[in-house]
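# Chain and residue survey
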Amino acid sequence: MRTRLPVKLLAVTVVVAWAWGRGAPATAQVRTTALRQPGAGGPRIVLNEQFRVGSADGANDAFARVVDVVFDGRGRIVIADDLNHQLSVFDASGRFLRRVGRQGAGPGEFQTPWVLAVDRRDSLFVWDAGQGRVSVFDPEYRFVRDFGVRPQWLVTSLRFLPDGRLLVAAYGRNEPGVLHLVERDGRVVRTYGPSFRSQQLGGFEASLLGGSIALGEQTLAYSNKSPYQLEFYDAAGNLRSRCTGDPGWTTPVTAVVRRTAQAQQLQWNRYVHASRILYVGGGRFLNVVVDPVANRRTLDLVTSDCRLLRRTVLPVPLTPTDRSGSRLVAVQNLEYPQVIVYDMRITP
Amino acid sequence: MRGMLTLAAVVGAAVIFMPAKALGQQQAVPAPKCNWSCLCNDAGCACSNSQGGTGLSCEITGSGCLVKACPTQQAAPGVILALDGSVVELDQIAPRLVAAGTPLLASQPAAFPLSAWEYAGEGFSVVRNCRGVVIAQSYTPERAAAIRAESRRLVL
């Protein structure tokens with residue numbers, strides 16, 4: 001019996017991997033549903049801090065700005081610090097391991113490391129916003145190769161599918177969608193997901209588009225920055241449900257940018273938007289909405305059938321970025337940036 | 001046959017002595033120069049470029065607009081406008097608004113004096129641009145310590 005479990009797991013993995021890569025996205029109309037408000041009670045999220053890293057002047061953890069944090073399969077934590085043009089890696093207990101990269105345009109060097117993703121074998125992929133390329137590192141963080149992505153892409157999220165291919169959330173002018181299935185060498189297999197009439201949007205307006213993706217067991221969730229909208233796809237890329245949030249919950253893009261004779265003016269400090277979606281198990285997703293005006297984050301626990309299980313305003317500044325098993329990692333920027341690893345429980 | 005050769009010679013000579021401008025389709029067209037410009041008003045600052053870009057190379061700091069030379073030359077320190085054009089959360093920019101290089105100023109930026117941190121109450125400090133708009137926010141060590149303590153266990 002004990003020997004059959006790995007076989008079963010392998011079989012499930014193969015089936016899931018096969019399913020994720022199959023078929024073309026369906027174009028059938030999917031009904032849009034408003035997120036149903038949570039009733040009384042509902043599940044609660046309990047976060048207990050395990051450790052945190054980050055200090056004002058430490059030799060290894062004085063981050064300038066943390067823009068992304070991910071776990072790998074060994075529990076290590078990879079932190080992207082774009083203003084220091086490098087990554088920092090800590091072990092599962094918070095001990096500093098090493099830095100990765102430095103400022104430059106050479107192999108393994110970064111200008112602006114912005115989005116991270118780790119595959120099932122712990123290879124690390126880093127999208128460099130300043131150079132429009134993805135750098136690949138092996139599990140020991142040795143540089144392996146890099147590849148370019150479409151130069152017009154503004155990548156907002158990277159996730160690996162079970163078959164090893166990349167799913168990229170990126171807005172690009174004239175692209176038919178914001179979700180891109182990409183081979184590991186950067187070749188685009190197909191593009192789908194919501195599209196925007198970019199002809200009517202220019203400059204900053206267009207750059208505010210895009211969103212975040214999360215993978216559940218059999219579901220891909222895409223969270224649009226603004227307006228608040230969630231789309232759920234099955235393993236073959238077929239749209240299964242679309243959920244909209246409260247009207248006015250996020251700031252419309254057209255209200256963030258105002259055109260003048262001289263330039264487009266970004267009213268950045270008024271932009272309430274969804275910043276990240278995470279899968280937290282049990283068919284539930286955590287959608288994080290940032291309100292820079294009130295310096296507030298709201299967490300929505302949602303399901304793919306548009307049920308809003310709980311809506312919580314975080315009592316402290318904190319932005320969750322990744323989850324692995326029962327661990328959740330979040331960024332807290334006070335007088336200096338810190339990365340906090342929590343043990344996470346969701347009560348019934 | 002001779003007529004054809006004559007015609008070819010005439011056409012060839014015409015091409016050789018034709019002004020380069022008239023051969024535009026055959027020659028490499030120089031890329032348009034990318035010019036960045038800034039605008040600041042009561043609501044903040046923004047940048048645009050002559051190529052209709054997305055703001056990737058634009059940075060805005062507490063002193064007003066700073067603009068990178070095209071296409072990717074680094075010019076400035078703390079970034080407030082995120083590289084994807086989205087908003088950088090206020091608490092993500094608090095600590096390090098320290099210049100680390102000589103910025104390339106836009107051709108016609110608003111002449112902002114460097115703003116100072118000001119205490120806003122309850123342990124918060126802010127930086128405003130000269131129009132009074134809060135563009136960065138920070139915390140006193142005491143307030144930060146209190147937030148850290150509150151963050152150790154969260155029931156949401």
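Keep in mind that this is a model prediction, so the values were computed, not measured. (Residues numbered from 1 in each chain as written. Chains lettered and ligands numbered in written order. Predicted model: local features only at pLDDT ≥ 70, side-chain atom pairs only at ≥ 80, totals over all residues. Heavy atoms only, no water.)

## Quick notes on the overall build of chain A
Rule in force here: Here a helix means four or more residues in a row that DSSP labels H or I, a strand means two or more in a row labelled E, and each is numbered from the N terminus. Only protein chains enter the calculation, and the probe is 1.4 Å; a residue is then buried if its accessible area is under 20% of its type maximum, exposed if over 50%, and partly exposed in between. Contacts are assigned to residue pairs with any non-hydrogen atoms lying within 4.5 Å of each other. Each accessible area is a Shrake-Rupley estimate made with a 1.4 Å probe; only the visible protein chains count as cover when residues are assessed.
Of the regular secondary structure elements, chain A holds three helices and 27 strands. In chain A, buried positions account for 61% of the 348 residues. Expressed as a percentage of contacts within chain A between residues at least 6 apart in sequence, the contacts between residues at least 24 apart total 48%. Carbon and sulfur atoms make up 51% of the accessible area of chain A, which totals about 13,800 Å².

## So, the confidence of the model for chain B
All names here are of chain B. Put simply, the test is: Predictor confidence is given residue by residue as pLDDT, running from a minimum of 0 to a maximum of 100.
Taken over all residues, the pLDDT of chain B has a mean of 45, while the share at 70 or more is 12%. Low pLDDT, under 50, characterises residues 4-116; the stretch is placed with 238 contacts to residues that sit more than four places away or in other chains. The complex model carries a pTM of 0.74, and its ipTM stands at 0.82.

## A closer look at the sheet that holds strand β4 (residues 77-81) of chain A
All names here are of chain A. Stated formally: For two strands to be treated as a pair, DSSP must find no fewer than two bridges joining them. What counts as an axis is a line fitted to C-alpha atoms, over the stretch in contact for a helix, and the angles between N-to-C directions run from 0 to 180 degrees.
Within the open sheet, the four strands sit side by side as β3-β4-β5-β6. Their pairing is antiparallel. On the outer flanks of this sheet lie β3 (66-71) and β6 (96-100), each paired with one strand and no other. Adjacent strand axes in the sheet meet at a mean angle of 20° when their direction is disregarded. Relative to strand β5 (residues 86-90), β4 runs antiparallel, the two sharing five bridges. Along β5, the bridge assignment pairs Ile79 with Ser88.

## Structural notes on the state of the cysteines
Residue and element names in this part refer to chain A. Rules: Here, the term disulfide refers to a pair of cysteine sulfur atoms separated by no more than 2.5 Å.
Across all of its chains, the model carries one disulfide over all chains by this definition. Shown here is the disulfide that connects Cys243 with Cys306, its sulfur atoms set 2.2 Å apart. Taking the sign of the torsion about the S-S bond as the criterion, the disulfide between Cys243 and Cys306, at about -80°, is left-handed. Note that Cys243 is positioned in strand β18 (residues 239-244) and Cys306 in the loop between β23 (296-303) and β24 (308-313), a separation of 63 residues in sequence. Of the two residues examined, Cys243 and Cys306, each falls in the buried class.

## Things to note about the pattern of salt bridges
Quick note on the threshold: Definition used for salt bridges: Asp or Glu carboxyl oxygen within 4 Å of a side-chain nitrogen of Lys or Arg.
By the definition in use, this model includes 23 salt bridges over all chains. Its salt-bridge partner being Asp68 of chain A, residue Arg276 of chain A comes within 3.0 Å of it at the nearest N-O pair. Linking Arg276 of chain A in strand β21 (residues 273-281) with Asp68 of chain A in strand β3, this pair joins segments that are 208 residues apart in sequence. Its relative accessible area of 15% is what places Arg276 of chain A among the buried residues. Across the pair Glu175 of chain A and Arg150 of chain A runs a salt bridge, and its minimum N-O distance is 2.9 Å. Of the two residues, Glu175 of chain A sits in the loop between β12 (166-171) and β13 (179-182) while Arg150 of chain A sits in the loop between β10 (143-148) and β11 (154-160), which places them 25 residues apart along the sequence. Here Arg150 of chain A falls in the partly exposed class, since its relative accessible area comes to 33%. Here the salt bridges do not stand alone but share partners, grouping Glu49 and Arg52 of chain A together with Arg152 of chain B into one network.

## Looking at the nonpolar core
All names here are of chain A. Cut-off, in case you're wondering: Side-chain atoms within 4.5 Å are what join buried Ala, Val, Leu, Ile, Met, Phe, Trp, Tyr and Cys residues into a set we call a nonpolar core.
Residues Leu87 and Trp127 are the most contacted members of the largest nonpolar core, which totals 32 residues. At the level of secondary structure, the elements contributing two or more residues to this core comprise β3, β4, β5, β7 (113-118), β8 (124-128), β9 (133-137), β11 and β12. In terms of residues, this core owes the most to one element, β7, which gives five residues. Filtering out sequence-adjacent residues up to four positions away, Leu87 remains in contact with Val78, Ile79, Ala80, Arg98, Arg99, Val100, Phe110, Pro113, Leu116, Leu124 and Val126.

## Some details on unusual backbone geometry
Residue and element names in this part refer to chain A. Note that the residue after Ser226, namely Pro227, is joined by a cis bond; omega there is 0°. In this fold, Pro227 is placed in the loop between β16 (220-224) and β17 (229-233). At His85, a position not held by glycine, the phi torsion is positive, near 60°. Note that His85 resides in the loop between β4 and β5. Even without glycine at this site, Asp122 takes up a positive phi of about 70°. Take Asp122: it is sitting in the loop between β7 and β8.

## Digging into the sheet that holds β11 of chain A
Residues and elements named next belong to chain A. Read across the sheet, four strands follow the order β11-β12-β13-β14 without closing on themselves; strand pairing throughout is antiparallel. Of all the strands in the sheet, just β11 and β14 (188-192) have a single pairing partner and so form its edges. Each adjacent strand pair in this sheet contributes to an overall mean axis angle of 25°, direction not counted. Relative to β13, β12 runs antiparallel, the two sharing four bridges. Bridge pairing in β13 places Ala169 opposite Leu179.

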